[in-house]
There are 2 protein chains.
Amino acid sequence: MHTLSKNQQIIFDIIDKSREPMKAYSILFNVQKKGIKAPLQVYRALDKLVEIGKIHKIESRNAFIACQNSSCQVSKATAFSICESCEKVTEINNSSLSKYLSNFKDKAGMKYSKYNLEFFGLCKKCITK
Amino acid sequence: MHTLSKNQQIIFDIIDKSREPMKAYSILFNVQKKGIKAPLQVYRALDKLVEIGKIHKIESRNAFIACQNSSCQVSKATAFSICESCEKVTEINNSSLSKYLSNFKDKAGMKYSKYNLEFFGLCKKCITK
DNA sequence: TTACATAGTGTTATATTATAACATTTAAAT
DNA sequence: ATTTAAATGTTATAATATAACACTATGTAA
Ligand SMILES: [Zn+2]
Ligand SMILES: [Zn+2]
Ligand SMILES: [Zn+2]
Ligand SMILES: [Zn+2]
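Residues numbered from 1 in each chain as written. Chains lettered and ligands numbered in written order. Predicted model: local features only at pLDDT ≥ 70, side-chain atom pairs only at ≥ 80, totals over all residues. Heavy atoms only, no water.

Peer 1: So what about helix H3 (residues 39-51) of chain A? Which residues, and what values?
Peer 2: All names here are of chain A. The terminal C-alpha atoms of H3, which comprises 13 residues, lie 18 Å apart, in line with the 18 Å expected from a rise of 1.5 Å per residue. Among the residues of H3, Val42, Ala45, Leu46 and Leu49 are the ones counted as buried. One side of H3 carries all its buried residues, which in axial view fall inside an arc of 105°. H3 presents Leu40, Arg44 and Asp47 as exposed residues on the side facing more than 90 degrees away from its buried surface. Against helix H1 (6-17), helix H2 (24-31), strand S1 (55-58) and strand S2 (63-66) lie the buried residues of H3. Looking one or two places after H3, you find Gly53, whose phi comes out positive at around 80°. (Helix = DSSP H or I, 4+ residues; strand = E, 2+ residues; numbered from the N terminus. Expected span 1.5 Å × (residues − 1). Buried < 20%, exposed > 50% of the residue type's maximum accessible area, 1.4 Å probe, protein only. Arc of directions from axis to C-beta. Contact = heavy atoms within 4.5 Å.)

Put into structure tokens, the structure is as follows:
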């Protein structure tokens, strides 16, 4: 098991506490009182946390959320639902979906080791507005 | 059918001719001889071209490729394979996959109008190296 | 323990990606 | 011809991310 370094722990904690995806410079702003002063300190921790699967990057939003599953540390297979109105992001944990995608083979013969899927739409709250 | 404006056409042409995904500032550099001088002129054309489905953004790479299918203008459903070694990107056109994903329903009850999927791995060329 | 290797930190500067704001022009619709 | 919407040109600036270098902590193995 991985034990996080000081900066990694600080930055993981703030992302984990947040209900929304956090952007790097918003994280930076929030951890400056803890002595983390420079973007690079944030990005280095983010890189590591992504690498070990504790957080994920929402590519379409340049933002980071804590992993809400248990298996992402090994699988590198991620799926999210994103509300285009309120920007709520949820990690999808669906074994049918992950099986389907993990077994998917391109006709080009490429074998995939990793995927990222982002669904967009309106969440329950926003659809009724 | 959409008829492209002058800048949109110039920028679409250069992306369409390219064998690789192109980045915005690389596009800018390449079209400066045609009178397009500022980033905003490029980004505005890119936005429109993405909106009408002539090009797609590869989110994990901040780069743009011409659509290689015919249906993306309506579907807003995109899937790509990305080689992590040579960075070759191919648009996946697979009806089983698109059916599966278009019909996918989250247990959260969210109805999706759009998705983007990026697979990562090694292409045929790179896997033998 | 000491040497070595690996990972993490701190700092400054800079590169890359993207948008705000405003004035003007072109094209399309009534 | 008048109005509206879309596109353009321009300057400035915001937001996101990395390069380079010096240093420190931690783990491993002789
Ligand atoms: Zn996860
Ligand atoms: Zn919502
Ligand atoms: Zn397409
Ligand atoms: Zn390759």
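There's more to say after this.
Peer 1: Any chance you could break down the protein's contact with DNA strand C for me, citing the residues and the numbers?
Peer 2: The full set close to DNA strand C counts 16 residues, and Gln41(A), Arg44(A), Lys23(B), Leu40(B) and Lys57(B) are the nearest of them. When the atoms of DNA strand C within 4 Å of the protein are grouped by moiety, sugar and phosphate amount to 46% of the total. Between DNA strand C and Ser5(A), the relevant distance is 2.9 Å, taken from a phosphate oxygen to a side-chain nitrogen or oxygen of the residue. Here a phosphate oxygen of DNA strand C and a side-chain polar atom of Lys6(A) are 3.5 Å apart. Listed by contribution, the elements that provide at least two residues to the surface near DNA strand C are H1 and H3 of chain A together with helix H3 (39-51) of chain B. No other element matches H3(A), which puts four residues into the surface near DNA strand C. Of the residues contributing to the surface near DNA strand C, the split by class is five nonpolar, five polar and six charged. (Near = heavy atom within 4 Å. Polar contact = N/O pair within 3.5 Å; in protein donor to acceptor, adjacent residues only side chain to side chain. Nonpolar A, V, L, I, M, F, W, Y, C, P; charged D, E, K, R; others polar.)

Peer 1: If you had to explain the side chain of Asp106(A) to someone new, which residues and values would you point to?
Peer 2: As for its position among the elements, Asp106(A) is in the loop between helix H5 (95-103) and strand S5 (111-122). It is Lys107(A) that comes nearest to the buried, bridge-free Asp106(A) among opposite-charge side chains, at 6.2 Å. Within the local environment of Asp106(A), its side chain forms a polar contact with the side chain of Tyr112(A), the two groups lying 2.9 Å apart. Once residues lying within four places of it in the same chain are set aside, the contact partners of Asp106(A) are Tyr112(A), Ser81(B) and Ile92(B). (Lys, Arg positive; Asp, Glu negative; His and termini not counted. Salt bridge = Lys/Arg side-chain N within 4 Å of Asp/Glu carboxyl O.)

Peer 1: Please set out the packing of aromatic side chains residue by residue, giving values where relevant.
Peer 2: Applying the stated criterion to the full structure yields nine aromatic pairs over all chains. Seen from their ring centres, Phe104(A) and Phe119(B) are 5.3 Å apart, and the 10° between their planes marks the pair as stacked. Taken together, the residues span two chains, with Phe104(A) in the loop between H5 and S5 and Phe119(B) in strand S5 (residues 111-122). You'll find Phe104(A) and Phe119(B) in the same group, each marked buried. Between Phe119(A) and Tyr112(B), the ring centres sit 4.3 Å apart and the planes meet at 20°, which makes this aromatic pair stacked. One end of the pair, Phe119(A), is in strand S5; the other, Tyr112(B), is in strand S5, on a second chain. The exposure classification of Phe119(A) matches that of Tyr112(B), with both residues buried. Taking NZ or CZ as reference, Lys54(A) lies 4.4 Å from the ring centre of Phe12(A), over its face. (Phe/Tyr/Trp six-rings, centres within 6.5 Å; stacked < 30°, edge-to-face > 60°. Lys NZ or Arg CZ within 6 Å of the ring centre and 35° of its normal.)

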